[in-house]
Structure formats: C-alpha cells, structure tokens
Amino acid sequence: MLNRRGFFSRFLGIALAIALGIIACQPQSPTSESTDPQTTSAETSTAPILLNGTGASFPFFIYQRWFEEYNQIHSNIQINYQPTGSEVGIQQMIAGTIDFGASDIAMTDDEITQVSQGVILLPITAGSVAIAYNLPGIESGLKLPRSVYPEIFSGAITTWTDPKIAGANPDLTLPDLPIILVHRADGSGTTAAVTSHLSAISPAWESDIGSGLSVPWPTGVAVKANAGVSAQIQQAEGAIGYVEYAYAQQLNMTMAALENQAGQYVLPGVESAAKALSTVVFPENLRAFAPDPEGAESYPIATYSWILVYQTYEDATKAETIRSVLQWCLTEGQKVSAELGYVPLPETVAQQVMAAIEKIQT
C-alpha cells in the first residue's frame, strides 16, 4: 500500500498534469493476491479484466487510491478512471462508451431514460467545496458573509478592499487588488454544488444565473477541472475560486470561512462537511442534496458524489467485477476517506448503496 506522503506527492504532480490536459491515469502493478475466501471468480481468475470509467474530478484522489489498492489485491483487475468532469461522465453513460461514470450531481430522470441498459445511482463518497483564494500576506482568517460571496461570484463586488468584505474582516489588511474569479470551463458537478448553494441563499443569483453543471458566468476566468482551477488560483494574486476540498487541502491552499445558515463562519473540512450532510435522507433512487444545510457546525457547500453504473451488463464477468469492486469501496475503501479529505459514508447510507449494488445484473 502507498504511504500517505508518497501518495500525496505522486498525485499532486498528477493534479497539475490535469490542468495541462496531459494526465494519464494508469493503475499500479500489483503486489499481492487476495486470500479472502469470499472473492469472486473474476477476482481469482488470471484472465485480465479492464474497467474504464470517466467523469467527476471532485472524487479523483479517492477513486485513484481505491482503484490502485484494489489492483494490488486483485492483480488481474485494472480500473482506468479519467477525471473529465461530471458532464462528460453523464454523456458517456448515455452513449454507452464506458463501463461506469461518475458525477457530483445525480443523473436526472430524463437522462436515465436515454440509457437502454438502465442506470443505478450510487452515492459512494462525499465532501465539501472550498472557496480558495490567493491574497498576499493573508494566509488564513478570511471570512465571507452569505450576503457577500454571491456578489463576488456574480461580479458585483470587484475589489478586495470593498467595504462589504472589509467590514467582515476588520483584523485583516486586505490588499488593494482586483478580484479575479476563477470558475470551471467544463460541465462540472462541483459547479452544480456551488451554484445550487448560491441559488438557495441569493434570490438574485437564482433569477439571473441559476444552477447546474454549466451556468452563464457573468465574470471570471474559465478553467477545466478542479486541478486546473487550483493551479490558476495559485498562480494569480487576487484570485478566488471554488475547488473540491481534497485538492485545496493537499495543495495547501488558503480557504475562506463561509457564513452558514446559522450565522456561524465555518471552514471546509471532513467534520464540517459530515455535519452538513448528516440530515440528508436518501429516497429509493439515492438522489438527494443539501444546498443550504442547517446546523451551527455545518459548512454550507457540501455534496455526495455518485458512481453511475448500468443496471444491466452484457458481459457477466464485467458485471460481477463491478459489483465486487464497489462492495470493496463501500467497506475497506471508506477507511481512507478522511485521510484524503472526503467524508466516510454514514452506515445507513452505505447499507442503502450496498443494496443498490446488488441490483446490477446481466
């Protein structure tokens, strides 16, 4: 198993490679074989099995960790995952060109009806979206009120010395710099999570811009993928943007504390995201959101992230393998969630997802 320092060093390099569009995600060579008496025939077979997936960049770090570790245990099973954005994951599921997809926003009923094999939505990990910034001399402590950060993202507030920002941060010496907003260029579930929250707290945002995988941003620099947004923020003084917390954490980015529904300023993190998602109850289709969570300790922008699988696979071995991989991710895989900046699934949610996995058929 990769140690934490080695894993972070390796994937920070990969994250920057994504920003340049040259990432190549390939599993590592195996080091051991499973001794679990309950392993499936696909796992114990020596015939190679390749699963191809694409979609959300939000869960990239944890998916790569899971899929590498699974390959180390089951040497004949390789899982190639490309973090191309949630919109691409959904599109490729509809086109039937991948074995599984991933999205930070669950597919709609209309999208699902376009897939002849059927689709099962599996919320398999969760996390928060950080508002990261690059301000010289300010390494921490920035607070953004609920009335202010929607105006930053809409372009209504254009400088860091604006009285609305300064008034919430009397102890900080804000630089006299223009605000450079950085947002996603690709169809993104991270964008959907952020814009759903902004729509929930700002009637002006909801009416003028709205929410979704892509929105008509009135200002800012558009960059592909969480890694691309992270790199752009780090390079430009005065920049602010939204990135999945795991990226911000592992790249040591500075993050703002956001005012939540209870009027408290909360930083993103595993515990504050878990608090935000603690009241989410999943219906039978496993599609639920928390655009403006209650609770004094809740970070206001948190979401589940879904793996998308077909309900029916023509290849029985592939179906069996996907079931086994996902069952492992729900059990052993959850143990590394907090280490990587993600929220371990609550037991009740894990049980619902496990039951849904059993619906995969041939």
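The structure we're discussing is the one just above.
First things first, this report covers the structure right here in the doc.

1. Details of the overall build of the protein chain
- Across its full length, the protein chain holds 15 helices and 12 strands.
- Taking all 362 residues of the protein chain together, 57% fall into the buried category.
- At a minimum sequence separation of 6, the contacts of the protein chain that also span at least 24 residues come to 77%.
- As displayed, the protein chain has an accessible area near 14,500 Å², and 50% of this comes from carbon and sulfur atoms.

2. Focus on the pairing of strand E2 (residues 77–82)
- Of the strand pairs in this sheet, strand E1 (residues 49–55) and E2 are connected by six bridges, and their pairing is parallel. Bridge assignment links Leu51 to a residue of E2, and that residue is Ile79.

3. Things to note about the packing of aromatic side chains
- One pass over the structure, following the stated rule, counts 17 aromatic pairs.
- A ring pair is formed by Phe67 and Phe100, whose centres lie 5.9 Å apart and whose planes are at 75°; its orientation type is edge-to-face. Remark: Phe100 occurs in strand E3 (residues 100–103) and Phe67 occurs in helix H3 (residues 60–73); sequence separation between them is 33 residues. Taken as a pair, Phe67 and Phe100 share a single burial class, namely buried.
- Among the aromatic residues, those joined into a ring-pair cluster are Tyr63, Trp66, Phe67, Tyr81 and Phe100.

4. Structural notes on the pairing of strand E4 (residues 119–133)
- Of all 15 residues that make up E4, 15 are buried, and the element is covered over most of its length.
- In this sheet, strand E12 (residues 302–310) lies alongside E4 in antiparallel orientation, the contact comprising nine bridges. Following the sheet pairing, Ala126 is matched in E12 by Tyr304.
- Across five bridges, E4 lies against strand E8 (residues 239–244) in antiparallel orientation. Counted as the bridge partner of Ala130 is Val243 from E8.
- Taken together, the two bridges between E4 and strand E9 (residues 254–255) define a ladder with antiparallel strand orientation.

5. Some points on the sheet that holds strand E10 (residues 257–259)
- Across the sheet, which stays open at both edges, the three strands sit in the order E5-E10-E11 with mixed pairing between neighbours. Strands with a single pairing partner mark the edges of an open sheet, and in this sheet they are strand E5 (143–144) and strand E11 (265–266).
- In this sheet, E10 lies alongside E5 in parallel orientation, the contact comprising two bridges. Directly across from Leu144, in E10, lies its bridge partner Leu258.

6. Description of the nonpolar core
- If you look at the biggest cluster of nonpolar residues, it comprises 99 residues, and the most contacted ones within it are Ile131 and Val309.
- Not counting residues up to four positions away in its chain, the partners in contact with Val309 are Met93, Phe100, Gly118, Val119, Ile120, Leu122, Ile322, Leu326 and Ile360.
- Counting residues in each nonpolar core, the second largest holds 14 residues, with Ala132, Ile233, Ala248 and Met255 among its members.

7. Notes on the pattern of salt bridges
- Scanning the model with the defined rule gives nine salt bridges in all.
- Across the salt bridge formed by Arg65 and Glu339, the nearest N and O atoms sit 3.2 Å from each other. Taken together, the residues span a long stretch of sequence, with Arg65 in helix H3 and Glu339 in helix H14 (residues 337–340) at a distance of 274 residues.
- Looking at Glu339, the relative accessible area reads 23%, which means it is partly exposed.
- Here Lys335 makes a salt bridge to Glu332, at a shortest N to O gap of 3.0 Å.
- Here the residues in one salt-bridge network are Arg65, Glu69 and Glu339, joined through shared partners.

8. Notes on the packing of H3 against helix H13 (residues 316–330)
- Here H3 crosses H13 at 115°, and the two axes come no closer than 11 Å. The two elements H3 and H13 meet at a crossing, and its hand is right-handed. Where H3 abuts H13, its residues Trp66, Phe67, Glu69, Tyr70 and Ile73 lie against Ser324, Val325, Trp328 and Cys329.
- Considering only residue class, the contact of H3 with H13 consists of seven nonpolar, one polar and one charged.

9. Here we look at the side chain of Thr191
- With respect to the helices and strands, the residue Thr191 is situated in helix H8 (residues 189–201).
- Owing to a relative accessible area of 1%, Thr191 belongs among the buried residues under this scheme.
- With sequence-adjacent residues up to four places away left out, Thr191 is seen in contact with Arg184, Gly212, Leu213, Trp217 and Tyr242.

10. Some points on unusual backbone geometry
- In this structure, Ala225 is a non-glycine residue whose phi angle is positive, near 70°.
- Inspection of the secondary structure assignment puts Ala225 in helix H10 (residues 225–235).
- Relative accessible area serves as the criterion here: at 6%, Ala225 is assigned to the buried category.
- The backbone of Asn252 sits at a positive phi, close to 55°, despite the residue not being glycine.
- By secondary structure assignment, the location of Asn252 is in the loop between helix H11 (245–250) and E9.
- A relative accessible area of 69% means that Asn252 is categorised as exposed.

Conventions and cut-offs
Residues numbered from 1 in each chain as written. Predicted model: local features only at pLDDT ≥ 70, side-chain atom pairs only at ≥ 80, totals over all residues. Heavy atoms only, no water. Helix = DSSP H or I, 4+ residues; strand = E, 2+ residues; numbered from the N terminus. Buried < 20%, exposed > 50% of the residue type's maximum accessible area, 1.4 Å probe, protein only. Contact = heavy atoms within 4.5 Å. Areas by Shrake-Rupley, 256 points an atom, 1.4 Å probe, with all protein chains shown as cover. Pairing = 2+ DSSP bridges. Phe/Tyr/Trp six-rings, centres within 6.5 Å; stacked < 30°, edge-to-face > 60°. Core = buried A, V, L, I, M, F, W, Y, C linked by side-chain atoms within 4.5 Å. Salt bridge = Lys/Arg side-chain N within 4 Å of Asp/Glu carboxyl O. Axes fitted to C-alpha atoms, helices over the stretch in contact; angles between N-to-C directions. Left-handed = near helix turned anticlockwise from the far one by under 90°. Nonpolar A, V, L, I, M, F, W, Y, C, P; charged D, E, K, R; others polar.

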